[in-house]
Amino acid sequence: MEWKVCYDYKPTLDLKETEIAIKRLKDYFESALSQKLNLTRVSAPLFVQKSTGLNDYLNGVERTVSFDAYDIKEETLEVVQSLAKWKRYALKRYGFKPGEGLYTDMNAIRRDEELDALHSIYVDQWDWEKIILKEQRNTQTLKQIVKDIYSVFKQTELYVYSLYPHITPILPEEITFITTQELEDMYKELSPKEREYEACKKYGAIFLMQIGDYLKSGIKHDGRSPDYDDWKLNGDIIFYYPILDCAFELSSMGIRVDKDALLYQVEKCNCSERLEMPFHKMILQEELPFTVGGGIGQSRICMFFLRKAHIGEVQSSVWPEDVVKKCSELGITLL
């Protein structure tokens, strides 16, 4: 694993102080987010039945962690990879109304994750979902929600600064909106990840929109599952992170598919067989509410706002021996 620390890195908080700061930061952000978006906390599953189609299959190539259970015959259980689809079903089941939403703690195991300073096998995030009206399925709605979430990020940064004055604010006043096609037009010679880096370094904070479909060049900016986000109405919140001199993604979100978007996207991804699953049938029959939602990385925001050089400083996971050795050499203490 390779990563670049942009200066002689020295953690500003020791191990115990870091654990205390993590708790404070998470509590503050969770409360501020739920108030801003009108969200109610609910319980969520760690695993689901494979046959329901509720699990998130990400780019379609990542292997899930699956197992059988003694008393659940002829059914494979899968550890969730995210709760994108489960949340939409839960909003209907719990009787939420337009303008209301839910959030939950999501914990996952992504066994095929390529480990680096930002990526771990263990994933922890706040998954949230909110009901909107059909006529709100547009870019204006998406941008307003992004602005609301960004305001919570700004509040959190000032809160951390009030606790630890040596951690000074770095986020710009506003987040910049840009589409993947606009980004390709700006940086034609660069790879998608290089484009993200250049845009983040230029603007400080961006919402990169319309991820999943093919660009004019014939390539995708990035993969995105075809059966929850509408590729025309989604995006990632990405900040520039000077500690690692990198583009730092904190959230993936979007307005969810309706019938037309689902049909288009599963055909594009050659996975029309998913339409036979219960969740997908509910979308085709328009039995689920129109929603917007996403995930916000808990360890990611702790890493960013506490200015850590490795995600292992803010979460307990398992790392290869060479990573542990490298971190020790750099003065990085893994939890």
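Conventions we followed
- Residues numbered from 1 in each chain as written.
- Predicted model: local features only at pLDDT ≥ 70, side-chain atom pairs only at ≥ 80, totals over all residues.
- Heavy atoms only, no water.
- UniProt positions renumbered as here; feature names shortened; annotations may be inferred.
- Core = buried A, V, L, I, M, F, W, Y, C linked by side-chain atoms within 4.5 Å.
- Buried < 20%, exposed > 50% of the residue type's maximum accessible area, 1.4 Å probe, protein only.
- Helix = DSSP H or I, 4+ residues; strand = E, 2+ residues; numbered from the N terminus.
- Contact = heavy atoms within 4.5 Å.
- Salt bridge = Lys/Arg side-chain N within 4 Å of Asp/Glu carboxyl O.

Identification of the chain as Aspartate--ammonia ligase from Caloramator proteoclasticus DSM 10124 is taken from an unreviewed UniProt entry. Recorded under Sequence similarities (unreviewed entry), the UniProt text for the chain is reproduced unchanged: "Belongs to the class-II aminoacyl-tRNA synthetase family. AsnA subfamily." According to the UniProt record, the Subcellular location (unreviewed entry) comment for the chain reads "Cytoplasm".

*Asks:* Describe the nonpolar core, and please don't skip the residues or the numbers.
*Replies:* Counting residues in each nonpolar core, the largest one holds 59 residues, and the members touching the most others are Trp 128, Ile 149, Phe 153 and Ile 301. At eight residues, the largest contribution of residues to this core is made by helix 3 (residues 139-163). Residues contacting Ile 301, with those up to four places away along its chain left out, are Leu 25, Phe 29, Trp 126, Phe 153, Leu 250 and Ile 296. Of all hydrophobic cores here, the second largest spans 13 residues; its members include Val 42, Val 80, Met 106 and Ala 108.

*Asks:* Before we move on, could you go through the environment of Pro 192 and cite the residues and values that matter?
*Replies:* Locating Pro 192 in the fold gives a position in helix 5 (residues 192-203). Residue class for Pro 192 comes out buried when judged on its relative accessible area of 18%. The sequence separation of Pro 192 and Glu 276 amounts to 84 residues, and the corresponding C-alpha distance is 34 Å.

*Asks:* An account of the UniProt feature "domain: Aminoacyl-transfer RNA synthetases class-II family profile" (unreviewed entry) in the chain is needed here, citing residue identities and associated values.
*Replies:* Sequence positions flagged by UniProt for "domain: Aminoacyl-transfer RNA synthetases class-II family profile" (unreviewed entry) are, in local numbering, residues 111-320. The span residues 111-320 shows a helical share of 33% and a strand share of 24%, and its end C-alpha atoms are spaced 13 Å apart.

*Asks:* Help me get a handle on the pattern of salt bridges, residues and values and all.
*Replies:* Counted by the stated rule, this structure contains 21 salt bridges. Between Arg 41 and Asp 105 there is a salt bridge, with the nearest N and O atoms lying 2.6 Å from each other. A residue pair is termed long-range when its members are at least 10 positions apart, and Arg 41 in strand 1 (residues 39-41) and Asp 105 in strand 5 (residues 101-109) qualify at 64 residues. Owing to a relative accessible area of 44%, Arg 41 belongs among the partly exposed residues under this scheme. A salt bridge links Lys 193 to Asp 222; the nearest nitrogen and oxygen atoms lie 3.8 Å apart. Pair noted here: Lys 193 is in helix 5 and Asp 222 is in the loop between strand 8 (205-209) and strand 9 (229-241), with a separation of 29 residues, a long-range link. Residue classification places Lys 193 among the partly exposed residues on the basis of a relative accessible area of 48%. Several salt bridges share partner residues, and in doing so they unite Lys 87, Asp 127, Glu 129, Arg 224, Asp 229, Asp 236 and Arg 256 into one network.

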